[in-house]
Amino acid sequence: MAKKIGISIKGADIPNYEVTEVPYVVKPLLMEREFLLLHGPEQCGKTTLSWNMAVAIANGLDFFGMETRKAKVLFLECDVSNIFTQIIRMKKMNLSGVDFHFFGGPIDIIKPTEDIKFTLNDLQREHEPEVVIISSLRKLQATMDITDPNLIVHVETRLRLIFPNASFVLIHHDVKQRLDMMGNEIGRQRESFAGSKA
């Protein structure tokens, strides 16, 4: 026999409805133990924005006018093969308080190798992060189609097994621009997470 699920509330009753405030890391952007996807076209500043967010959280500073709760931040970089180029960019900023780990290229969180499992578990043990920022979704997994609507659920499930008490910020880039021999854009597609092309 079917039963009703969920809860119904009359709009007029909401002001009198008793709820406890949800703990946050960045109010109201990122709640504790929640998952935030930072998605946009290439070269729009997602990485720099995430570095600024990491510094704000690690030091308990406002982030673009939003209050933060000071927390341990671990930034996992899977999208950069040339670590030194990234460090040159990073040296231009004050990133104090944030811990970084460079994988030197893509990893697969869905079907990790023993070395990846060891490394991730070691990072959890060493840093005990409350916030994990990862660049990027495309380089964090190789098992699933990037437009699969279940991808985020699988990635979050795997991350929670390793970092059980963390909030997550996951950076995702659109497909990189590809040019033919004449310089014309080819194969460009925007992505959504409902399984369809945006």
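See above for the structure.
Residues numbered from 1 in each chain as written. Predicted model: local features only at pLDDT ≥ 70, side-chain atom pairs only at ≥ 80, totals over all residues. Heavy atoms only, no water.

Novice: What is the right way to read the packing of helix H1 (residues 46-59) against helix H2 (residues 83-90) from this model?
Specialist: Angle between the axes and distance between the axes are the two parameters that describe a pair of packed helices. Running from amino to carboxyl end, H1 crosses H2 at an angle of 60°, the nearest separation of the two axes being 12 Å. By the criterion of interaxial angle, the relationship of H1 to H2 is oblique. For the pair H1 and H2, the sense of crossing is right-handed. In contact with Thr47, Thr48 and Trp51 of H1, H2 contributes Gln86, Arg89 and Met90. Class assignment for the residues of the contact of H1 with H2 results in two nonpolar, three polar and one charged. (Axes fitted to C-alpha atoms, helices over the stretch in contact; angles between N-to-C directions. Helix = DSSP H or I, 4+ residues; strand = E, 2+ residues; numbered from the N terminus. Parallel < 35°, antiparallel > 145°, perpendicular 65-115°, else oblique. Left-handed = near helix turned anticlockwise from the far one by under 90°. Contact = heavy atoms within 4.5 Å. Nonpolar A, V, L, I, M, F, W, Y, C, P; charged D, E, K, R; others polar.)

Novice: Where do I start with the side chain of Gln141 in this structure?
Specialist: Its location among the elements puts Gln141 in the loop between helix H4 (137-140) and helix H5 (151-162). When its relative accessible area of 5% is taken as the criterion, Gln141 is described as buried. Reaching out from Gln141, the side chain makes a polar contact with the backbone nitrogen of Met144 at a distance of 2.8 Å. For Gln141, the contacting residues outside a window of four places in its chain are Ile107, Asp108, Ile109, Ile110, Ile146, Leu151 and Val155. (Buried < 20%, exposed > 50% of the residue type's maximum accessible area, 1.4 Å probe, protein only. Polar contact = N/O pair within 3.5 Å; in protein donor to acceptor, adjacent residues only side chain to side chain.)

Novice: Honestly, the pairing of strand S7 (residues 167-173) in this entry has me stumped. Any pointers?
Specialist: Each regular strand carries side chains that alternate between the two faces of the sheet. Among the seven residues of S7, seven are classified as buried, and the element is accordingly described as predominantly covered. Sheet topology note: the strand S3 (residues 35-40)/S7 ladder contains six bridges and is parallel. Bridging across to S7, Leu36 finds its partner in Val169. Here five bridges tie strand S6 (residues 131-135) to S7, and the two strands are oriented parallel to one another. Note that in S7 the partner of Val132 across the bridge is Phe168. (Pairing = 2+ DSSP bridges.)

Novice: I'm lost on the packing of aromatic side chains in this one. Help?
Specialist: How two aromatic rings sit relative to each other is set out by the distance from centre to centre and by the angle between their planes. Scanning all chains against the criterion turns up five aromatic pairs. Relative to Phe168, the ring of Phe35 has its centre 6.2 Å away and its plane inclined at 45°; by these criteria the two rings are tilted. Within this pair, whereas Phe35 is found in strand S3, its partner Phe168 is found in strand S7, the two being separated by 133 residues in sequence. Taking relative accessible area as the criterion, Phe35 reaches 18% and is therefore assigned buried. For Phe168, a relative accessible area of 1% gives the class buried. Through a chain of ring-to-ring contacts, three or more aromatic side chains come together here, namely Phe35, Phe163 and Phe168. (Phe/Tyr/Trp six-rings, centres within 6.5 Å; stacked < 30°, edge-to-face > 60°.)

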